[in-house]
Amino acid sequence: MESSLESIRNIAIIAHVDHGKTTLVDQLLKQAGTFRANEAKASEERIMDSMDLEREKGITIKAKNAAFQWKEYHVNIVDTPGHADFGGEVERIMKMVDGVLLVVDAHDGPQAQTKFVLKKALENGAKPIVVINKIDRDNARPHKVLDMVFELFLELGANDQQLDFPVVYASAKQGYAKSEIDQESSTMEPLYESIIKHIPCPKKADVSYFQMLVSNLDWSDYLGRIAYGRIISGRIKVGDSIVCIHKDGKKEKKNATALFGHQGLAKIELKEASEGDIIGLAGFEDVFIGETLTDSEERPALAFIDIDPPTITMKICINDGPLAGKEGKLVTARQISERLTRETRTNVSIEVKDTDTAGHFQIKARGEMQIAVIVEQMRREGFELLVSRPEVIFRRDEAGNLIEPLESVYIDVPKDNLGDILQSLAGRKADIISMDHQAHSVTVEAVVPTRGLIGFETDLVNATKGHGIMSHLFKEYAPYKGEIPTRNNGVLISMENGTSMAYALDTIQERGRLFIGPQEEVYVGMVIGENARPDDMPVNPCKAKKLSNMRSTGDGKGISLTPPLKMTLERSLEYIANDEYVEVTPLSLRLRKKILDATARKRMSATPVIAE
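Residues numbered from 1 in each chain as written. Predicted model: local features only at pLDDT ≥ 70, side-chain atom pairs only at ≥ 80, totals over all residues. Heavy atoms only, no water.

## Focus on the overall build of the chain
At step 1: Looking only at helices and strands, one finds 15 helices and 35 strands in the chain.
At step 2: Among the 612 residues that make up the chain, the fraction classed as buried is 52%.
At step 3: For the chain, the proportion of contacts with a sequence separation of at least 24, taken over those separated by at least 6, is 71%. (Helix = DSSP H or I, 4+ residues; strand = E, 2+ residues; numbered from the N terminus. Buried < 20%, exposed > 50% of the residue type's maximum accessible area, 1.4 Å probe, protein only. Contact = heavy atoms within 4.5 Å.)

## Observations concerning the packing of aromatic side chains
At step 1: Evaluated as defined, the whole model comprises 4 aromatic pairs.
At step 2: Here F515 and Y575 contribute two aromatic rings whose centre-to-centre distance is 5.5 Å and whose plane-to-plane angle is 85°, an arrangement assigned as edge-to-face. Taken together, the positions of F515 in the loop between β30 (512-514) and β31 (521-522) and Y575 in helix α14 (residues 569-575) put the pair 60 residues apart, joining distant regions of the chain. By the burial criterion, F515 is buried, and Y575 matches it.
At step 3: When the ring centre of Y477 is taken as origin, the NZ or CZ atom of R395, which lies over that ring, is 4.3 Å away. (Phe/Tyr/Trp six-rings, centres within 6.5 Å; stacked < 30°, edge-to-face > 60°. Lys NZ or Arg CZ within 6 Å of the ring centre and 35° of its normal.)

## Focus: helix α5 (residues 142-155)
At step 1: Here α5 spans 20 Å end to end across 14 residues, near enough to the 20 Å set by a 1.5 Å rise per residue.
At step 2: Within α5, the full set of buried residues consists of P142, V145, V149, L152 and F153. Mapping the buried residues of α5 onto a view down its axis gives an arc of 100°, with all of them on the same face. α5 presents H143, E151 and E155 as exposed residues on the side facing more than 90 degrees away from its buried surface.
At step 3: G157 lies just past α5 and shows a positive phi near 70°. (Expected span 1.5 Å × (residues − 1). Arc of directions from axis to C-beta.)

## What about the side chain of R9?
At step 1: With respect to the helices, strands and loops of the structure, R9 is situated in strand β1 (residues 8-15).
At step 2: D98 provides the closest opposite charge to the buried, unpaired R9, separated from it by 7.7 Å.
At step 3: Here the side chain of R9 touches I196 through a polar contact of 3.2 Å, landing on its backbone oxygen.
At step 4: Looking at R9, its side chain comes within polar contact range of the main-chain oxygen of I199, at 3.0 Å.
At step 5: Leaving out residues up to four positions away in the same chain, R9 has contacts with Y73, H74, V75, N76, I195, I196, I199, P200 and C201. (Lys, Arg positive; Asp, Glu negative; His and termini not counted. Salt bridge = Lys/Arg side-chain N within 4 Å of Asp/Glu carboxyl O. Polar contact = N/O pair within 3.5 Å; in protein donor to acceptor, adjacent residues only side chain to side chain.)

## Focus: the pattern of salt bridges
At step 1: Tallied over the full model, the rule gives 17 salt bridges.
At step 2: For E520, the salt bridge goes to K566, with nearest N and O atoms at 3.3 Å. Remark: K566 occurs in the loop between β33 (537-539) and α14 and E520 occurs in the loop between β30 and β31; sequence separation between them is 46 residues.
At step 3: Judged by its relative accessible area of 58%, K566 is exposed.
At step 4: Ionic contacts of the salt-bridge type, sharing partners, join the residues D536, D579, E580 and K593 into one network.

## Side note on the confidence of the model for the chain
At step 1: In the predicted model, the chain carries a mean pLDDT of 77, and the fraction of residues at 70 or more is 85%.
At step 2: Below a pLDDT of 50 lies the segment residues 35-63, which in the model reaches 80 contacts outside its immediate sequence neighbourhood of four places, other chains included.
At step 3: Here residues 82-86 scores under 50 on pLDDT; set against residues more than four positions off or in separate chains, the count is 23 contacts. (pLDDT = per-residue confidence, 0-100.)

## A few points about the nonpolar core
At step 1: The biggest cluster of nonpolar side chains holds 31 residues, and the ones touching the most others in it are I316, I336, V375, L385, V387 and L591.
At step 2: Mapped by element, the contributors of at least two residues to this core are β18 (312-318), α8 (333-346), β20 (360-365), α9 (368-380), β21 (385-388), β28 (491-494), α14 and β34 (580-584).
At step 3: At 5 residues, the largest contribution of residues to this core is made by α9.
At step 4: With residues up to four places along the chain from it excluded, the contact list for V387 reads M314, K315, I316, V375, L573, I576, Y581, V582 and V584. (Core = buried A, V, L, I, M, F, W, Y, C linked by side-chain atoms within 4.5 Å.)

## Details of the environment of D597
At step 1: Within the element layout of this structure, D597 appears in the loop between β35 (589-593) and α15 (598-606).
At step 2: Considering only alpha carbons, one finds D597 and G525, 72 residues apart in sequence, at a separation of 6.3 Å.
At step 3: Among the polar contacts listed, one links the side chain of D597 to the side chain of T599, at a separation of 3.2 Å.

## Points about unusual backbone geometry
At step 1: In this structure, K429 takes a positive phi of about 60° despite not being glycine.
At step 2: Topologically, K429 is positioned in the loop between α10 (418-427) and β25 (431-437).
At step 3: Positive phi, normally seen in glycine, also occurs at Q519, with a value near 65°.
At step 4: When you line up the elements, Q519 lands in the loop between β30 and β31.

Next comes the structure, spelled out in C-alpha cells:
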C-alpha cells in the first residue's frame, strides 16, 4: 500500500451515544465501494460495533479502525467511544489523527460526553468538521443546533481556525449529505469532498528515521501482541529490526514479524508502510500504550501520553457459594486471574492487583460501567465470579487531608420530576452549578462526588420513568465531602438452602419487594428481596404447605405473587451494600451477603471495623 503523504487523511469520529456515528461510518464505507455488492456486509447495519455487547447497548466501547479509498485518497477512520468511562481510549486516538468529524443530532444538539472528546481533540489541534445528522427527522432544528455547537466551541476555547469550521448536513440512515440545508442530494459525496478539502494530510516529519507512538493494542493468538499507532516518520518493512523504548527508559530490540493496515474493516497484511500510515505491528511481547518504537537505540523517546487516573475500585473473587460451578465452566482463581490480565493487555485504563486473600482480585477503573462491561463479557465466556460494590479511590493531599474524585454531571429531566431529582442530588452532596429551562425539560449541571454517582442513574431512571438522561465526566480530586447515606432499606435474606416455594413467597412478599420467583434455587445468606424497613430480615422461602386431611382456613384462596424485580448487572452493582456481593454466572445474577452464615455475620458486625 504505497501512498504519498498528500493522499492520506486520518480522521476520528466523535459523537454522543446514539447520535448516529456508527451508522454514518457504515454509509461512508458502503458508498466508497469498500464492500462488493454481493458481500453480506454491504447490507448489514452498524458494522463497526463488532462486540455483542456494543450491539445490545448501542454504545461503542473499543476504539476501532477502518479505512476506505475515495478517488485517489486513502482515508483512515478511527472510531471513538462516546461514553466518558472509556475516556482512556480517547486521549490516545487524538494523537493518531489530524481531524475529527463531530456528529451531532439535529434535534438534541451536542451533549456532555461529546464535550469531553471534543475538548481532547481541540487541545491536540485537530481540525473539526461538524456533521449535523438526522436532518430527516420531523423535529430536526439544524440552525438552532448549529448555534449550540458554535457556543460549545467558544466554551472549550477553540482558536480562530477551529471556530471557522465547515458544516455538513446529513441523514446517515437515508445515506445522503449536503453542504447547504436547502441543497438536493442523494449521496454522501459532499461529506467526502469536505473531508479531503478541510482535513490536512499528515505533517511531514523533520527526521527521516522510523518512529511510531503506540496508541492502541490488540492481541492475536498467533502473533501475540499487536501495537497500533501512526507512523510519525520514516518507513518500515516486515523483518526490520526495531527498538522499543519502554516507559521506564529501558530499550528492547526485536524484529517486526508482521504489519497490518486496514481496508474497510478488514485487517490486511502489509509488506511495508511509511510516514502517515496507521498500522498494526507485531513483534514485541511487552509493548504498552504510549511507548515509542524506533529504528535504533540512540533515538530519543517520543512524548508519553498520560491517561486520566482510575477513580473506582472493586473486588472480583472466585465464586465460593453453595451453587458454585453449576452453570459456568471457568471457575478457578487461575482462570479468572489470566482473563483479567489479558484484559489489561489491551485495555489501559484498567489496573488489576492481587490481594492478600487468595482468589480475590482488586480492579481499578474509570467508572462502574467499564467494570460492568468486563464482567458481562466474562460471564458470556463462561466465567463464574463474585463482584463487590464499586468504591471510590480516595487519596491524601500534601497536607495529609482526605481528598476524593468529583465529577461534572449533566442531567436532562422532564419538568415534573425536577423536584425529586434535585432532592436526590442534595442527598448525594451535589453542588448545582446551573439550571436551564427548555419547553418540556430542564437541563441541570452539577458537581457531584463520584461516590454520590454510584446508583444515581437507577434513581434517575425510576423517578423519570426512563425519560431522564445523564452524562458525567471526571473533574478533579477535591476535599472529602462527608458521609453520603446509601441504600435506605434492608434486605430479605434466605435462612434455608433449597427451592423457593410459591406458598412461602406469598407471605414473604408482604414484607417487601421480591427479587426471585417460585422454583428458584436459593441458599443460606442469599438476598431474595428488599425489606420495607431499614434492617435486614431473615426469611424462609422454602416452606411448603403442610398437607393434612383437615380443611384449613383460607382454602380456595389462590396465591397471587407480584412479579419479582429482575435487575441488570449494572443495577445490581449499584444496589448492593458493602457487605454484599453480586454472584455472576453465565445463566443467572444473584445477590448474596459476603458472610453467608447469620451467626458469623452478627459476630462480625459487633466488632468495630478499623478504617484503613
